[in-house]
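Each chain, written out:
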Amino acid sequence: MTAAHQRQPAAFIGHGVPLNALEDNAWTREWAALGRELPRPRAVLAVSAHWYINATAVTAMPDPRTIHDFYGFPRELAEFDYPASGAPELAAEVAEAVKPTWVGADQDSWGLDHGTWSVLTHVFPDADVPVAQLSVDATKPAGYHFDLGTRLATLRDSGVLVLASGNIVHNLRTVDPSLGDAGTDWAHRFDDHAQEILTEHPEDALKLIEHPDAPLAVPTADHFLPLLYTAGMAAASGETLEAFSKGYTWGSVSMTSYRSAA
């Protein structure tokens, strides 16, 4: 294995609000530190909560657009551009890795959404690592996503960083800006239970949906499912995960992020 194809860690980022793309805060500094510590990947496969569709697909365009999938934020954010090149060859590698599951190649409908670029602008600020994005199939159960993660683990050995982006606790109906970076009691309970499982037995990650606080912590699946890709990769590789960043935003959004050893 050459230096350009060093084994990559399994990683999950709690990405929070789009404004993190522009800010220098505790979270973004942790993401930047991760980028400095990582072996240089040949490409990134991003699994973002914000490409939540009724199919499993991977972007295959050479120049993915920067998607501004939000509203009500400053103009500077709406005009933000993350000009990373695409990784069309990665679409075929993903399709091969997850067989017999079918994965479509998206040539022109998507790009890089804020779940991807708001993180990568800190991890790889020069936008000099090619990026493809994998959709999260809303029609499939949690076990499907965990299984895909186990299959994608092989890409790590060929220098591909599979970077999942979501939030372990993500309840926008209960956010309270007055809470700042404090978390509610139920958010702490669920987040702490997730840490116990992921740092000891990531193969048991599916048990999280049975936790009594899951209905509040995970009222919708979109931001939670990317975590299962990281847990699946770790389980397939016989690894555990470590929390390299932990905290909350507005009470009911967890910013906890995980990585394995490369």
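Rules used throughout
- Residues numbered from 1 in each chain as written.
- Predicted model: local features only at pLDDT ≥ 70, side-chain atom pairs only at ≥ 80, totals over all residues.
- Heavy atoms only, no water.
- Helix = DSSP H or I, 4+ residues; strand = E, 2+ residues; numbered from the N terminus.
- Buried < 20%, exposed > 50% of the residue type's maximum accessible area, 1.4 Å probe, protein only.
- Polar contact = N/O pair within 3.5 Å; in protein donor to acceptor, adjacent residues only side chain to side chain.
- Contact = heavy atoms within 4.5 Å.
- Pairing = 2+ DSSP bridges.
- Salt bridge = Lys/Arg side-chain N within 4 Å of Asp/Glu carboxyl O.
- Expected span 1.5 Å × (residues − 1).
- 1 Å grid on protein atoms, 1.4 Å probe; cavity = no way out; pocket = protein on both sides within 12 Å on 5 of 7 lines; lining within 4 Å.
- Points joined across faces, edges and corners; volume = space filled by probe spheres on them.
- Core = buried A, V, L, I, M, F, W, Y, C linked by side-chain atoms within 4.5 Å.

A.B. asks: Residue-level account of the side chain of S260, with values.
C.D. replies: Counting through the fold element by element, S260 comes out in the segment after β12 (257–259). Given a relative accessible area of 0%, S260 falls into the buried group. Polar side-chain contacts of S260 include one of 2.9 Å to the backbone nitrogen of A10. Among the polar contacts listed, one links the side chain of S260 to the side chain of R156, at a separation of 3.3 Å. For S260, the residues in contact, after removing those within four places along its chain, are P9, A10, R156, E239, T240 and L241.

A.B. asks: Any details on the pairing of strand β2 (residues 43–53)? Residues and values, ideally.
C.D. replies: Counting buried positions along β2 gives eight out of 11 residues, so the element sits mostly inside the fold. Pairing of β2 with strand β8 (residues 160–166) involves six bridges; the strand directions are parallel. Looking at the pairing, L45 lines up with V162 of β8. As judged from the six bridges shared by β2 and strand β7 (residues 131–137), these two strands associate in the parallel manner. Along β7, the bridge assignment pairs L45 with A132.

A.B. asks: Describe the pattern of salt bridges, listing the residues and the values that go with them.
C.D. replies: If you walk through the whole model with that rule in mind, you get 13 salt bridges. Residue D157 pairs with R7 through a salt bridge whose shortest N-O separation is 2.8 Å. Taken as a pair, D157 in the loop between α5 (142–152) and β8 and R7 in the segment before β1 (11–14) lie far apart in primary sequence, 150 residues in all. Residue classification places D157 among the partly exposed residues on the basis of a relative accessible area of 36%. The exposure class of R7 is partly exposed, given its relative accessible area of 24%.

A.B. asks: Describe in detail helix α8 (residues 225–236), supporting the description with residues and values.
C.D. replies: Its 12 residues place the ends of α8 17 Å apart at the C-alpha level, agreeing with the 16 Å of an ideal helix rising 1.5 Å per residue. Of all 12 residues that make up α8, 10 are buried, and the element is covered over most of its length. Inspection of α8 places L225, P226, L227, L228, Y229, T230, A231, G232, M233 and A234 among the buried residues, and these make up the whole buried set. Packing partners of the buried residues in α8 comprise β1, β2, β7, α5, β8 and α6 (185–200).

A.B. asks: Tell me about the layout of surface pockets, and please be specific about residues and values.
C.D. replies: Looking at the largest pocket, its volume works out to about 370 Å³. Along its surface, the largest pocket is lined by 17 residues, and V17, P18, F73, H170 and L172 are the ones closest to its centre. Empty space within the second largest pocket amounts to approximately 210 Å³. Together, 13 residues line the second largest pocket, and V17, N20, E23, T249 and W250 are the ones closest to its centre.

A.B. asks: Before we move on, can you summarise the nonpolar core with the specific residues and values?
C.D. replies: Within the largest apolar cluster, 50 residues are counted, with the highest numbers of intra-cluster contacts made by L45, L134 and F190. Where this core is concerned, the elements lending two or more residues are β2, α3 (88–97), β7, α5, β8, α6, α7 (214–217) and α8. With seven residues, α8 is the single largest residue contributor to this core. In contact with L45, not counting residues within four places along its chain, are V58, L90, V94, A132, Q133, L134, L152, L155, V160, L161, V162 and L163. The next biggest cluster of nonpolar side chains, apart from the first, holds 27 residues, and it includes A21, L38, V129 and V131.

A.B. asks: So what's going on with the environment of K140? Residues and values would help.
C.D. replies: Assignment of secondary structure puts K140 in the loop between β7 and α5. Of the residues examined, K140 reaches a relative accessible area of 36% and is grouped as partly exposed. The spacing of K140 and D176 is 36 residues in sequence and 31 Å in space, taken between C-alpha atoms.

By themselves, these are just geometric observations and shouldn't be taken as functional.
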